[in-house]
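# Overview (structure and organization)
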Amino acid sequence: MLFRSKAQTDFISNVTRLSPYNRCAGCDWVLPLFNKRYQVMSTTVTSPFMGVFNVRPGTTDAYAIGMIDESLGDEQQLLESPMPTCSPRRILDIGGFIGTTARAFNHLHPNAEIVAVEAHDQTFELLCSNSLNGSAYKAIHAGVVGREVGSVWSASPKPGQNDVNYTSLTPVEGAGANAVEVKALRMQDVLDLANWETVDFVKIDIEGGEYDLFAENPAAWLNRINNEIHIEFHKTDEFNAEWAHAVAQLTSAGFVCTQTVKLYGLDNYIGTRWLRQ
């Protein structure tokens, strides 16, 4: 049972159906469906829209590409996916994964500058290899956080399992046998590294880490976004207060939520679209 305030219930009241795009990443029940629909045991997958991708055989990498393809091929699904509704010149992809969304951004907006950031070391290697030799987007290896901490440790939440499509960050050294130290950057640091004073569109999908981005002075990066943000909020029941704080900070910075989409068929995982007023 979920416990929400009336304001939070009203906030997601326009969620009416499960977005087909968001059926995939990070769910235990996905792999059987993936194996049925995308039985990919090779190291490459070809998208009819985006071209060839390097993937990890037996993981949900190919499924994620398939969901992007479905979105690119269907106007309604495209509206519910984390694609821009504006015409951006600069796009920042936080949680770049293997390059699926960044390549889709490049397909839809070929003249835009795109920077994709990924923390997981193995996933980052694929992000780089799928960048079309850097012509589609620039890749940065870092964990994006809300505080100036220097470094964090990146690890799969489920060591030993085949689903490597998501990762978690922790400030605790040696947090698990598979934890790898990675440079930590704040959102404003990423923009500075890209040599951007402002950015037009930002996509954030970092498996619960989104809440930390609002911990300290989020106005330092929110005020540098010109048009639009797409954020996946995870476990909004577990992180109830943090979610409410993030919503308040986005609203205070002049953004209005224009869309919420239920993820994985769950009320406590939502994709949100925010437009600057």
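Residues numbered from 1 in each chain as written. Predicted model: local features only at pLDDT ≥ 70, side-chain atom pairs only at ≥ 80, totals over all residues. Heavy atoms only, no water.

## Focus on the overall build of the chain
Secondary structure assignment for the chain yields nine helices and 13 strands. Across the 277 residues in the chain, those meeting the buried criterion constitute 54%. Surface exposure of the chain reaches about 12,000 Å², of which carbon and sulfur atoms provide 50%. (Helix = DSSP H or I, 4+ residues; strand = E, 2+ residues; numbered from the N terminus. Buried < 20%, exposed > 50% of the residue type's maximum accessible area, 1.4 Å probe, protein only. Areas by Shrake-Rupley, 256 points an atom, 1.4 Å probe, with all protein chains shown as cover.)

## Overview of the pattern of salt bridges
In the structure shown here, the tally under the stated rule is nine salt bridges. Arg 56 is paired through a salt bridge with Asp 61; the nearest N and O atoms lie 2.9 Å apart. Residue classification places Arg 56 among the buried residues on the basis of a relative accessible area of 10%. Note on Asp 61: relative accessible area 0%, which makes it buried. A salt bridge links Glu 113 to Arg 90, with the nearest nitrogen and oxygen atoms 3.7 Å apart. One end of the pair, Glu 113, is in strand 4 (residues 113-118); the other, Arg 90, is in strand 3 (residues 90-94), and 23 residues separate them in sequence. (Salt bridge = Lys/Arg side-chain N within 4 Å of Asp/Glu carboxyl O.)

## Things to note about the nonpolar core
Of all hydrophobic cores here, the largest spans 34 residues; its most connected members are Leu 92, Ile 204, Ile 229 and Phe 233. Those elements that place two or more of their residues in this core are strand 3, strand 4, helix 7 (187-193), strand 10 (199-204), helix 8 (219-222), strand 11 (225-233), helix 9 (240-252) and strand 13 (266-276). Each residue touching Ile 229, except ones within four places of it in the same chain, is listed here: Val 202, Ile 204, Leu 222, Leu 250, Phe 255, Thr 272, Arg 273 and Trp 274. Formed by 26 residues, the second largest nonpolar core is a distinct cluster that contains Ala 64, Ile 68, Ala 104 and Ala 116. (Core = buried A, V, L, I, M, F, W, Y, C linked by side-chain atoms within 4.5 Å. Contact = heavy atoms within 4.5 Å.)

## Brief notes about the sheet that holds strand 13
Taken in spatial order, the seven strands of this open sheet run 5-4-3-10-11-13-12, and their pairing is mixed. Every interior strand has two partners, whereas the edge strands, strand 5 (138-141) and strand 12 (255-263), have only one. Averaged over all neighbouring strand pairs, the angle between strand axes comes to 15°, with direction disregarded. Those strands touched by helix 6 (residues 121-129) are strand 4 and strand 5, and its axis lies near 165° from that of strand 5. (Pairing = 2+ DSSP bridges. Axes fitted to C-alpha atoms, helices over the stretch in contact; angles between N-to-C directions.)

## Considering helix 9
For helix 9, with 13 residues, the first-to-last C-alpha span of 18 Å sits near the 18 Å given by 1.5 Å per residue. Where helix 9 terminates, the next one or two residues include Gly 254, which has phi positive at roughly 100°. (Expected span 1.5 Å × (residues − 1).)

## Observations regarding the packing of aromatic side chains
As enumerated under the stated definition, the model contains four aromatic pairs in all. Each residue in the set Tyr 211, Phe 233 and Phe 239 is aromatic and connected to the rest through ring pairs, giving one cluster. (Phe/Tyr/Trp six-rings, centres within 6.5 Å; stacked < 30°, edge-to-face > 60°.)

## Some thoughts on the pairing of strand 12
In terms of strand pairing, strand 12 meets strand 13 through eight bridges, oriented antiparallel. Considered in strand 13, the bridge of Leu 263 is made with Leu 266. If you look at the hairpin formed by strand 12 and strand 13, you'll find two residues sitting between the two strands, and Tyr 264 has a positive phi there, around 60°.

## Looking at the environment of Phe 239
Among the secondary structure elements, Phe 239 is positioned in the loop between strand 11 and helix 9. Judged by relative accessible area, Phe 239 falls into the partly exposed class, the value being 26%. Along the chain, Phe 239 and Asn 268 lie 29 residues apart, while their C-alpha atoms are 9.5 Å from each other. In this structure Phe 239 touches Tyr 211 and His 234, once residues within four positions along its chain are discounted.

## Remarks on the pairing of strand 5
Two strands pair when backbone bridges link them, and strand 4 and strand 5 are joined in this way by four bridges, in the parallel orientation. Within strand 5, the residue paired with Ala 116 across the bridge is Ala 139. This β-α-β element, strand 4 to helix 6 to strand 5, shows right-handed connectivity. (Right-handed = clockwise from strand over helix to strand, strands pointing away.)

## Comments concerning the environment of Asp 61
You can see Asp 61 is positioned in helix 3 (residues 61-72). Taking the C-alpha atoms as reference points, Asp 61 and Thr 44, 17 residues apart in sequence, are found 9.9 Å from one another. One polar contact links Asp 61 to Arg 56, side chain to side chain, over a distance of 2.9 Å. (Polar contact = N/O pair within 3.5 Å; in protein donor to acceptor, adjacent residues only side chain to side chain.)

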